[in-house]
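Chain by chain, the residues:
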Amino acid sequence: MKLWAYILRRILILIPTLIGLTLMVFVIIHLQGNNLLLAQYLNPRLTGPAKQQQLEALTERFHLNDPVYIQYFYWLQQIITGDWGYTNTPIYSGSVTTAISLFLPNTIIIAVFASIIIWLLSIPLGVSSAVNRDSIRDHLIRVSSFTLYAMPIYLIAIALIILLGVYFHVLPFSGPVNPLLVSNLDWYKNGISYPTHILLIDALIHGNLTVAWDAFLHVIMPSVTLALGIMAGIIRILRASMLEVLEQDYIRLARAKGVPEKIVINLHARRNALLPVATSFGYTVAGLLGGAVVIETVFNYPGIGYWTTQALLVNDVGGIMSSTLLFGLILVFTTLILDILYALIDPRIRY
Amino acid sequence: MEKRMEAKEIEGLRLSLVIFFSNKTAVVGLMIFMAYVIDALLMQFAPSMLGVNNPNALAFDYSNTIPQPPSPEHILGTTYFGVDLLQAIMQAIRIDLGYSGLIVISGALIGALFGIISAYAGGWFDEILMRITDIFFGIPYLVLALGVGFALGRTIESMIIALIIVWWPLYERYTRSLTLSIKEQTFIEAAKASGVSDLKIMIKHIFPNTLPPVLVQISLDLGVVMAIFATLTFIGFLPTGNLPELGYLTSLGLNYIQIAPWATIFPGLAITIFALAVNLMGDGLRDVIDPRRRSS
Amino acid sequence: MSEGPVIKIDDLHVYFFTRRGIYQALRGVNLTLNKGEVLGLAGESGSGKSTLGLAIMGLLPRNAIIPKGSIILGNGTDLVEKIRGKAPFKKDKLNLRKNELLIRNLNKHLQKIRGKRISMVFQEPMTALNPVLQIGYQIAETVLYHDAERLIRRALAREKVTREDLRNMIKILKNEGERGIYEYALKAGLNGIEEQIFAIWNREDIHEAKKEKMIIDLAKDKLGLFERIGLKLARKGMLKIPLISRLARRALIKEGYRVAKELLSSLGIPQVDSVVKMYPHELSGGMRQRVVIAIALANNPDVVILDEPTSALDVTIQAQILELIRNLRKKTNAAFLFISHDLSVLAEVSDRIAIMYAGKVMEVGRVEQIFEEPLHPYTKMLLDVIPTMEKDTLKPAKGTIPDARYPPPGCPFAPRCPFAKEDCLKFDREIAVTKDHIVSCILYENKK
Ligand SMILES: Nc1ncnc2c1ncn2[C@@H]1O[C@H](COP(=O)(O)OP(=O)(O)OP(=O)(O)O)[C@@H](O)[C@H]1O
Ligand SMILES: [Mg+2]
């Protein structure tokens, strides 16, 4: 009951946040008057009078002759109805919403794999580092998480490429798949696979295990990089909070009750130690999304981030502005989900 | 009275130094940090001492553009366009450190200004600032910097402005929470009661008290901001040029990663070591201002 | 009352190693706790009272060592054998990491004893309970990890019992008292039902007719399908197998919640059905302390250590908890070690009182002896400080307790003692002035 009330309230708070977010993007777009907006919505293939016509239509549509604060609402209307303008980059040119539908799945697959790795590794590592404080294992975990934490994520990527790709030759590190394998497939065109746009899944759908396996190999490096970058922070926080929790009175009571040490650690202490990790998760996700931009670029992996940097290189307004907004939206909604999960583990929040 | 205050301050300083220098890793961090600072200062004021003519441009050598491995002439080897890596990295440290410092300190000043006023004044001003900063936290900072920087034009100036815009809200929040706790302390009440003006309280009492933790935060953030700065240039935010900058240097080497890994490794190490050093140093400084540590 | 010791502490030393020096928290404590008694332990802050309690529990931090001494349980087990004199030193420095492993090893050995034969209640109820686990769970697991058999027994007995059985047992309860129930339950193969009946029968908040109805309703309280499967698995000893053990554990915990409810209502907590599903933050300090006491009592331990259980509570709640502890004395056959710096509190609940100072016991005696004929100058000073009807102004004790790192030689109280003489610096012995009144003071050396 209480939990539902909390969730409802949390969703209501979303509205001002969304207004703020869109307002911010709107302001960015208007930093140079109307130029960026027009560049984003003008169909780049048009020329001459047709272009002039579209310009007039746009002025009409966005009410560009009205005061700026009114323009915001017309712009918002376009965004809500799904008209995000055009993008024109080497890897895709056409409407922004289509671009997103093509590239976002790849980002999601990397994020999902990274999350799985993070989930499987960071909690046991952080906990065992704290529980075996000052042991050799603890020192190793601390030094490596500290180093990874300090490194910019693209350097983690490069370090992995040099180690696993160049030196040991065990993993591919460029693109989503070996191009030779997909050259004559009818469900793979121009670097985009159909129907889900996630190569790994599409290959499975079409029963092509060779491609699926190769696609899987190509996902590993980007996901591991992302996971390492984020895990470093989580392990650090988890270790510190675990050490603090282990000193708490309720842990002493659990031991005084004769609860086996394994349960003391894995239930009594761990659940509490995860709370600060969960609160810092919003920040982590922000890092994860920012990291995706860089990682996809380093690995030439065609996700939203790759599209963004491609847009940057050719000064494509639509790509940059839409991805700013899109990343903001993703962050806002993941924070929402995380907050709800947080309320599930900490009963004190639900008030 | 004055004398006693002084003695107390000296004692406090001595304690701070003892705590800091008892942490060996923090001292190592400090030493590395100082090495970077010295390099940057020499580059700024006496580049010729380091054999550099123009610290603002990479010295291309078109006679042999392919990266060469480390050798007696080129201790760290060369990278694309025949650039000597050691020299390039030493040039780049000035740029990266200088601009990161500029970004963090400006961000901290703007943030502290708004944070202190916001917490001290409270009310609607505080509420509005909270909402504004909330929005900034709603977009991943790298993406936000990219968006703002792009809108301002792809130049190094707009990149710096964009990063300051991204960074100040962090300090706004931080000084705000610091101010809130300082505000509760009795000496503020006393100053208020004896009729000291609000402005004077903020400048003379609150600001100096927020300073130590903010300085620690600045030292920790230097590494983060340098990383973001380098990341932006790495992904090609600045149109191609010859700016000696660590992220750009890394990207120069990237195409040769199979045959010349050193061309990416060394610039990368230069950033990683710096980030590690300021983190270690910051951890040591944090111990210094931690009251729990001070009392023990 | 005194039917032999349940705990005998001999020459116990506990030191803490810190960067600032070695704190000698206990420096040769001798103390005996007898079956069924309440032993009060008094002394100023820093005298080592909590350390003594924690040492008995084996709940020592990683920087603690026990250079010598013993803590012997009634059955002859020495609780500190595993770490006594085994502290790992590198030159003069304690190797914290290795010491932690040593203590962890001790913990493993004591796990079966803690919460089962000895349990402890801490001072601060606000932080003693785990904020993310339900109250019922925190009590239930105490039983689960020590006596899963009991939970199985209870559930199966309820499964088997008929209304007829229960009616008979109520009749027996009225005519013969509790003893008859045990026999009946044994004969009918209903072991485990009796404690459930008593829990209802001994409640003070409801009248007899209601109790009878509740007892008879026990027969209606049958298990669900999953619990039945779970219990079967548990009975076959499948608690160690993953996944399957989950089902078994869930069934046992569910039964544990019933135990929790019975315990809580016996401690005067209303609406236990909802309380067991609450989280600690939903309860007041006094309530939480009752929950902690319930945890301590869950397995009918031989010894309960209460470390200032009322100090953090406000006065009215404090009185309630003291009343509760006095009642428990009558109901259970546990021995209590009641730690408090407040002699007036101890006067209300204790049979005997021990006075600690700077890591040593200065005087032990029955309550009357301590209050009416105190021997040690320190005891007299403590008594002087208690506010009474006549002199309600609080008079602070003169002087301070010595630094635990540099304890003075001989009698530690000598520096503060009005009767101190030169020989005090060499004096270190306990003198039995009468059989049960022991004092450690040079003044009584020849008055035996
Ligand atoms: N973990 C520890 N590390 C170092 N010293 C400790 C530790 N625990 C206790 N001590 C020291 O041991 C001595 C006895 O402490 P203890 O807590 O047993 O006293 P106490 O009689 O319970 O006092 P109080 O009435 O304040 O609870 C004190 O000098 C204390 O500083
Ligand atoms: Mg104590």
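None of the values given here were measured: they were computed from a predicted structure.

Help me out: how do you make sense of the sheet that holds strand S13 (residues 431-434) of chain C in this one?
Residue and element names in this part refer to chain C. Ordered in space as S8-S9-S10-S3-S11-S12-S14-S13, the 8 strands form an open sheet in which the pairing is mixed. The open sheet has two edge strands, strand S8 (118-121) and S13, and neither has a second partner. Across this sheet, the average inter-strand angle for adjacent strands is 20°, counted without regard to direction. Bridging between S8 and strand S9 (residues 303-307) involves 4 bridges; their strand directions are parallel. Note on S9: the bridge partner recorded for Val-121 is Leu-306. Against the sheet, helix H16 (residues 377-385) contacts strand S11 (352-357) and strand S12 (360-366), and its axis sits at roughly 105° relative to S11.

Hey, could you run me through the pattern of salt bridges in this one?
Once the charged atoms of two side chains with opposite charge are near each other, the side chains can pair. Residue and element names in this part refer to chain C. Taken as a whole and assessed by the stated rule, the structure comprises 42 salt bridges over all chains. Two residues, Arg-228 and Glu-159, come together in a salt bridge whose shortest N-O distance is 3.7 Å. Placement of the pair is Arg-228 in helix H9 (residues 225-235) and Glu-159 in helix H4 (residues 135-160), with a sequence separation of 69 residues. A relative accessible area of 37% places Arg-228 in the partly exposed class. The closest approach of N and O atoms between Asp-428 and Lys-360, which form a salt bridge, is 2.9 Å.

Could you clarify how one ought to interpret the site of ligand 1 in this entry?
Residue and element names in this part refer to chain C. Taken together, 16 residues lie near ligand 1, and Ser-45, Gly-46, Lys-49, Ser-50 and Thr-51 sit nearest. Gly-46 has a polar backbone atom sitting 2.8 Å from an oxygen atom of ligand 1. The contact in question runs from an oxygen atom of ligand 1 to an N or O atom on the backbone of Gly-48, over 3.0 Å. Those elements giving two or more residues to the shell around ligand 1 turn out to be strand S1 (5-18), strand S2 (21-34) and helix H1 (49-57). Looking at the shell around ligand 1 element by element, the count peaks at 3 residues for H1. Taken together, the residues that form the shell around ligand 1 break down as 5 nonpolar, 8 polar and 3 charged.

Definitions and limits used
- Residues numbered from 1 in each chain as written.
- Chains lettered and ligands numbered in written order.
- Predicted model: local features only at pLDDT ≥ 70, side-chain atom pairs only at ≥ 80, totals over all residues.
- Heavy atoms only, no water.
- Pairing = 2+ DSSP bridges.
- Helix = DSSP H or I, 4+ residues; strand = E, 2+ residues; numbered from the N terminus.
- Axes fitted to C-alpha atoms, helices over the stretch in contact; angles between N-to-C directions.
- Contact = heavy atoms within 4.5 Å.
- Salt bridge = Lys/Arg side-chain N within 4 Å of Asp/Glu carboxyl O.
- Buried < 20%, exposed > 50% of the residue type's maximum accessible area, 1.4 Å probe, protein only.
- Near = heavy atom within 4 Å.
- Polar contact = N/O pair within 3.5 Å; in protein donor to acceptor, adjacent residues only side chain to side chain.
- Nonpolar A, V, L, I, M, F, W, Y, C, P; charged D, E, K, R; others polar.

These values are about where atoms sit, not about what they do.
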